[in-house]
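Take a look at the letters that make up each chain.
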Amino acid sequence: MDQRLENALGKSVKLTLTCGVFQGVLHHVNPGCNLLLHTVKNLETGRSSPGVKVFFSQEIVNVELLDEPDSEKRTAVLSECASAVEENKGVDTRRARGSLGSSPCLSLERQLRAFNSLSMNSLPEKEEEERVQYTVVDCFREKFGPAVLHLKQQDVISVVGEGVDLRPHGKLLWLQIATKSRVFLFDILLLGPQAFRNGLQAVLEDKNILKVIHDCRWISDCLFHKYSVLLDNVFDTQVADVLQFSVATGGFFPHRTCTLQECLMQHLRIPSKCKTLMKCKQQMALENPDIWFLRPLPPSLLQVLALKAMYLLLLRSSLMDSFMADFTAVVHAYLNTSQHGSEDHLGSIKPNCLELPKELRQLADIQKLRREKAVNEHRINEDGLLIRRVVELNERNPQEDETH
């Protein structure tokens, strides 16, 4: 955070933007000098907004400090705020070029309006079941205790984090945790570190609860350095996807890993509308990373957060089935040999013979065929890794026919 803006935190400010005039309490300043205010009031319409709102630096024309009684000090802080914001305008303006709208305020508003329209439209009957029910936990009374109690009773949960730059100096804003029957959206921005001390840390560190996470490096780094949480017993779906790719291609490894969205598209049969919602959400987050600071968060985005956590559990099941496919096939071959072969099908083989059976030898042949197919269907880079093609939004699972 710019040191010149630190003096204004927690104080009432008046923002003059290119698209309006607003008043509120300065809550946070991100590295790009975008300002987050709570208790926001639109001075032109008189309407007040609950929660936290984001104001982008390239839209800010003037910043005025309202609750500093010393006029000289007030002028000094105001000058520093305006100067800090002005210095970041050049960078932010260049970054904004090429985005969907000329104004981040209006662009974000238009995106949210379109996103809400898309997600709130009624789903077809066959996709109606994909409407996931979720519980937003944003205070410690009523919801938090029962949610943590439910999580402590589980064997497997999925964990997803949303925020800005999930690293030690980043900001974790939402923690989504799903079980077989429930999805909880923990509002870390409002709950603060107390959420982990009051029970989430115990859940995340519990060795008896399997945590399903996609690329656990970033959220583990953030949880450890910011909240002293040591994640334990993790099933990482990004790692599992790479290993499954290796099995499907006869031992090759891909040149890159996949995002959670790509893995969901490859391994699960997700309704097209849900895919579209997740892709729109990803695009919005890329263009406006501070969107997760918005409070209240629009129901459309809450729905996508819940969907990601729910599908992550299903992704683990699908990957486990893929891992077990060869094992299941060989066991089935064992049974077929004994149940449908001749009475002396084992011939002269002694019961204690440990020679590798022909059913298991066939795995080597299968791996060879898979490897030959992979070489014909993929390009190989200079490191000997297969060039993994990008899975498009509505494309079918490209590995469905590779596994067997």
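The structure contained in this document is the topic of the report that follows. (Residues numbered from 1 in each chain as written. Predicted model: local features only at pLDDT ≥ 70, side-chain atom pairs only at ≥ 80, totals over all residues. Heavy atoms only, no water.)

1. Considerations on helix H4 (residues 140–152)
Worth spelling out the cut-off: Runs of E in the DSSP output that reach at least two residues are strands. Runs of H or I that reach at least four are helices, and both are numbered from the N terminus. An expected span of 1.5 Å times one less than the residue number is assigned to each helix. Residue burial is assigned from relative accessible area. The probe radius is 1.4 Å, only protein chains are included, and a residue is buried under 20% of its type maximum, exposed over 50%, and partly exposed in between. What the arc measures is the spread of directions leading from the helix axis to the C-beta atoms. Any pair of residues with heavy atoms lying within 4.5 Å of one another is described as a contacting pair.
Taking 1.5 Å of rise per residue, the 13 residues of H4 would be expected to cover 18 Å, and the 17 Å separating its terminal C-alpha atoms lies within 8% of that figure. Those residues of H4 lying buried are Phe144, Ala147, Val148, His150 and Leu151. When H4 is viewed along its axis, its buried side chains cluster within an angular range of 160 degrees and face the same direction. Facing away from the buried surface of H4 by more than 90 degrees, the exposed residues are Arg141, Glu142 and Leu149. Where H4 is buried, its residues touch strand S6 (135–137), strand S7 (156–164), strand S8 (171–178), strand S9 (183–187), helix H5 (188–191) and helix H6 (194–205).

2. Describing the pattern of salt bridges
To keep it simple, the criterion reads: The term salt bridge refers to a side-chain nitrogen of Lys or Arg lying within 4 Å of a carboxyl oxygen of Asp or Glu.
Scanning all chains against the criterion turns up seven salt bridges. A salt bridge links Asp187 to Arg295; the shortest N-O distance between them is 2.7 Å. Here the residue Asp187 occupies a position in strand S9, and Arg295 occupies one in the loop between helix H10 (272–287) and helix H11 (299–340), the gap between them amounting to 108 residues. The exposure class assigned to Arg295 is buried, which follows from its relative accessible area of 3%. Residues Asp326 and Arg370 are paired through a salt bridge, measuring 2.9 Å at the closest nitrogen-oxygen approach. Taken as a pair, Asp326 in helix H11 and Arg370 in helix H12 (residues 358–377) lie far apart in primary sequence, 44 residues in all.

3. Side note on the pairing of strand S10 (residues 210–213)
Defined as follows: In short, DSSP must find at least two bridges between two strands for them to pair. Seen with its strands pointing away from the viewer, a crossover is right-handed if its path from the first strand over the helix to the second goes clockwise.
Side-chain alternation along S10 places Leu210 and Val212 on one buried face and Lys211 and Ile213 on a second face that is also buried. For S7 and S10, the ladder comprises three bridges, and the chain directions are parallel. Bridge pairing in S10 places Val156 opposite Leu210. Relative to strand S11 (residues 234–236), S10 is paired through three bridges, and the arrangement is parallel. What sits directly across from Lys211, in S11, is Val234. Handedness of the S10-helix H7 (residues 216–227)-S11 crossover: right-handed.

4. Some points on the nonpolar core
Here is a general trend for soluble globular proteins: nonpolar side chains tend to be buried in one another's company. For clarity, the cut-off: Definition of nonpolar core: a set of buried residues of the types Ala, Val, Leu, Ile, Met, Phe, Trp, Tyr and Cys, connected through side-chain atoms within 4.5 Å.
Ranked by size, the top nonpolar core spans 44 residues in total, and within it Trp174, Leu185, Leu264, Trp292, Leu297, Tyr311 and Leu315 carry the most contacts. Secondary structure elements with two or more residues in this core: strand S4 (48–55), S7, S8, S9, S10, helix H9 (260–267), H10 and H11. Within the second largest apolar cluster, 28 residues are counted, among which are Val148, Leu166, Leu175 and Phe186.

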